[in-house]
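# Structure assessment
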Amino acid sequence: MKSAGTKISEAVTASLEQNRTDGPVKAVGCVIMASGLGRRFGGNKLLADFDGQPLISRILECSARFPCLRRLVVTRHAGIAALCREMGLFVLLHDLPDRSDTIRLGLGHLLAIEDGQDHIWPPAHSHLSGCLFCPADQPLLRPESLEALLQAFFQNPDSICRPAYEGRAASPVLFGRRFFPELLTLPRGAGGSFLAQK
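These notes cover the structure that comes with them.

### Some remarks on the overall build of the protein
Within the protein, the secondary structure is distributed over 7 helices and 10 strands. Relative to its 198 residues, the protein shows a buried fraction of 45%. Restricting to contacts in the protein with at least 6 residues of sequence separation, those with at least 24 account for 65%. A total accessible area of about 10200 Å² is found for the protein, and carbon and sulfur atoms account for 51% of it.

Written as structure tokens, this is what we have:
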């Protein structure tokens, strides 16, 4: 008997197969944004206990259900980097201050992988049709919500897709490939919402 998580993964993978071209598989980049300083929390909240595990573990487990995602954790914290590497994730450790830095570094690194500069995934599985930016402090993000986001994107891969609740836009946000140049040159301190609101 298949679990709900398995069914979700298969549904999104089926959509990915339907959106193939004659070229490389159109995978989706996934930058897990784990660079916050947690000033209001009083420490690194991503390592705080949430239901018996570090809070960041929830987004890592949720995103792991979707084989179309090419995940990269971008963080300023050595402890986060060590935890994610122990879980088999690829990590980019940096010391830059702004959200725009996290976006630029993460997307830039994924594109370098795509260009064959860093052999993490086979070339046939590295071409990115878009990139998903996931804040690491969303422990209540449900796989069903992420599935719906990916399904919407596969139907319109030139778009910006994001969830909403009662009319209010939320995260994570998925950008089609045509937005990559603007994401790589965001104004200092700006996030992806800068483009989504234009």
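That covers the picture; the talk isn't over yet.
### A word on the nonpolar core
Counting residues in each nonpolar core, the largest one holds 31 residues, and the members touching the most others are Ile-56, Leu-69, Val-73, Leu-132 and Leu-150. Contributions of two or more residues to this core are made by strand S1 (27–34), helix H2 (56–63), strand S4 (69–75), helix H3 (78–86), strand S6 (128–135) and helix H5 (143–155). Considering each element in turn, this core owes the most residues, 5 residues, to H5. Beyond its immediate sequence surroundings of up to four residues, Val-73 is in contact with Ile-32, Ala-34, Leu-60, Ile-80, Cys-84, Leu-89, Phe-90, Val-91 and Leu-92. By size, the runner-up hydrophobic cluster in this structure holds 21 residues, among which are Leu-111, Ile-113, Phe-133 and Leu-195.

### Digging into the sheet that holds S4
The 6 strands are arranged S5-S4-S1-S6-S10-S7 in an open sheet whose pairing can be described as mixed. Among the strands making up the open sheet, the edge pair consists of strand S5 (91–93) and strand S7 (160–161). Sheet contacts for H3: S1, S4 and S5; angle to S5, the most-contacted strand, approximately 165°. The sheet strands contacting H5 are S1, S4, S6, S7 and strand S10 (173–176), and the helix crosses S10 at an angle near 15°.

### A word on the environment of Cys-68
Looking at where Cys-68 falls in the secondary structure, it is placed in the loop between H2 and S4. Sequence separation of Cys-68 and Leu-128 is 60 residues, and the distance between their C-alpha atoms is 9.7 Å.

### Re the pattern of salt bridges
Pairs can form between side chains of opposite charge whenever their charged atoms are close. A full pass over the atoms with the stated rule returns 4 salt bridges. The salt bridge involving Lys-45 is made with Asp-137; its shortest N-O contact spans 2.8 Å. Linking Lys-45 in the loop between S1 and strand S2 (49–50) with Asp-137 in the loop between S6 and H5, this pair joins segments that are 92 residues apart in sequence. Note on Lys-45: relative accessible area 27%, which makes it partly exposed. Two residues, Asp-98 and Arg-188, come together in a salt bridge whose shortest N-O distance is 2.8 Å. Of this pair, Asp-98 sits in the loop between S5 and helix H4 (99–114) while Arg-188 is found in the loop between helix H6 (180–183) and helix H7 (193–196), placing the two residues 90 residues apart along the sequence. Among the residues examined, Arg-188 registers a relative accessible area of 73% and is labelled exposed.

### As for the packing of aromatic side chains
Taken as a whole and judged by the stated rule, the model has 3 aromatic pairs. Ring centres of Phe-133 and Phe-175 lie 5.9 Å apart, and the angle between their planes is 75°; this geometry places the pair in the edge-to-face category. A residue pair is termed long-range when its members are at least 10 positions apart, and Phe-133 in strand S6 and Phe-175 in strand S10 qualify at 42 residues. The class for Phe-133 is buried, based on a relative accessible area of 5%. Between Phe-153 and Phe-154, the aromatic rings sit 6.2 Å apart at their centres with planes inclined by 55°, giving tilted as the arrangement. Here the two residues Phe-153 and Phe-154 agree in accessibility, since each one is buried. What links up through ring pairs into an aromatic cluster is the set Phe-133, Phe-175 and Phe-179.

### Here we look at the pairing of S4
The buried count for S4 comes to 7 of 7 residues, which makes it a mostly enclosed element. In S4, alternate side chains face the same way, and those of Leu-69, Arg-71, Val-73 and Thr-75 on one face and Arg-70, Leu-72 and Val-74 on the other are all buried. When S4 meets S5, the two strands line up parallel, connected through 3 bridges. Bridging across to S5, Val-73 finds its partner in Val-91. Read as a crossover between parallel neighbours, the route from S4 over H3 to S5 is right-handed.

Reading the values: the criteria
- Residues numbered from 1 in each chain as written.
- Predicted model: local features only at pLDDT ≥ 70, side-chain atom pairs only at ≥ 80, totals over all residues.
- Heavy atoms only, no water.
- Helix = DSSP H or I, 4+ residues; strand = E, 2+ residues; numbered from the N terminus.
- Buried < 20%, exposed > 50% of the residue type's maximum accessible area, 1.4 Å probe, protein only.
- Contact = heavy atoms within 4.5 Å.
- Areas by Shrake-Rupley, 256 points an atom, 1.4 Å probe, with all protein chains shown as cover.
- Core = buried A, V, L, I, M, F, W, Y, C linked by side-chain atoms within 4.5 Å.
- Pairing = 2+ DSSP bridges.
- Axes fitted to C-alpha atoms, helices over the stretch in contact; angles between N-to-C directions.
- Salt bridge = Lys/Arg side-chain N within 4 Å of Asp/Glu carboxyl O.
- Phe/Tyr/Trp six-rings, centres within 6.5 Å; stacked < 30°, edge-to-face > 60°.
- Right-handed = clockwise from strand over helix to strand, strands pointing away.

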